[in-house]
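As a plain string of letters, each chain reads:
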Amino acid sequence: MKKDNQILMDSKAFAIRIIKLYAYLKDEKHVVMLSKQVLRSGTSIGANVRESVNAQSRLDFINKLNIALKEANETEYWLELLHESDFLDDNQFDSIYNDCGKIAATLTKIIKTTKSGMLE
């Protein structure tokens, strides 16, 4: 992995946080269904970002990042449910939710920049 690619590093670090959150929810809170959902979508963000590195075209690159963005939005939804169901306290929720939001914002910016570059 390239050390200078911030979205790659951020999405991988986020996936690691999600894996730890999954273990916490499963072992400490005994939440199975929601924890599996957040694990799937939260780790998928980084997987799709990683796939975008070897995209076959700009359109393929944009497509991979759009999938990552959709997964980030889904992850935000699961995190909201976990918080509103009292499985995550305010501090836990705010920290991981804000990280997910930053990743989504970065993905949106990369997608928009890439699309505008295609129009030139």
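Up top is the structure.
What comes next concerns the included structure. (Residues numbered from 1 in each chain as written. Predicted model: local features only at pLDDT ≥ 70, side-chain atom pairs only at ≥ 80, totals over all residues. Heavy atoms only, no water.)

1. Considering the packing of helix H1 (residues 6-29) against helix H4 (residues 90-119)
Helix-helix packing is described using two parameters, namely the angle between the two axes and the distance between the axes.
Phase 1: One way to put it is that H1 packs onto H4 with a least axis distance of 11 Å and a crossing angle of 150 degrees. For the element pair H1 / H4, the angle class is roughly antiparallel. Crossing handedness for the pair H1 and H4: left-handed. Residues Ile7, Asp10, Ser11, Phe14, Arg17, Ile18, Leu21 and Tyr24 of H1 form the contact with H4, whose own contacting residues are Gln92, Ser95, Ile96, Asp99, Cys100, Ile103, Thr106, Leu107 and Ile110.
Phase 2: By residue class, the composition of the contact of H1 with H4 is 10 nonpolar, four polar and three charged. (Axes fitted to C-alpha atoms, helices over the stretch in contact; angles between N-to-C directions. Helix = DSSP H or I, 4+ residues; strand = E, 2+ residues; numbered from the N terminus. Parallel < 35°, antiparallel > 145°, perpendicular 65-115°, else oblique. Left-handed = near helix turned anticlockwise from the far one by under 90°. Contact = heavy atoms within 4.5 Å. Nonpolar A, V, L, I, M, F, W, Y, C, P; charged D, E, K, R; others polar.)

2. Description of the side chain of Ser11
Phase 1: With respect to the helices, strands and loops of the structure, Ser11 is situated in helix H1.
Phase 2: A distance of 3.3 Å separates a polar atom in the side chain of Ser11 from the backbone oxygen of Leu8.
Phase 3: When near neighbours in sequence (up to four residues on either side) are disregarded, Ser11 contacts Ile45, Gly46, Val49 and Ile103. (Polar contact = N/O pair within 3.5 Å; in protein donor to acceptor, adjacent residues only side chain to side chain.)

3. With respect to the side chain of Ser35
Phase 1: You can see Ser35 is positioned in helix H2 (residues 33-53).
Phase 2: Residues within four places of Ser35 in sequence aside, it is in contact with Tyr22 and Leu25.

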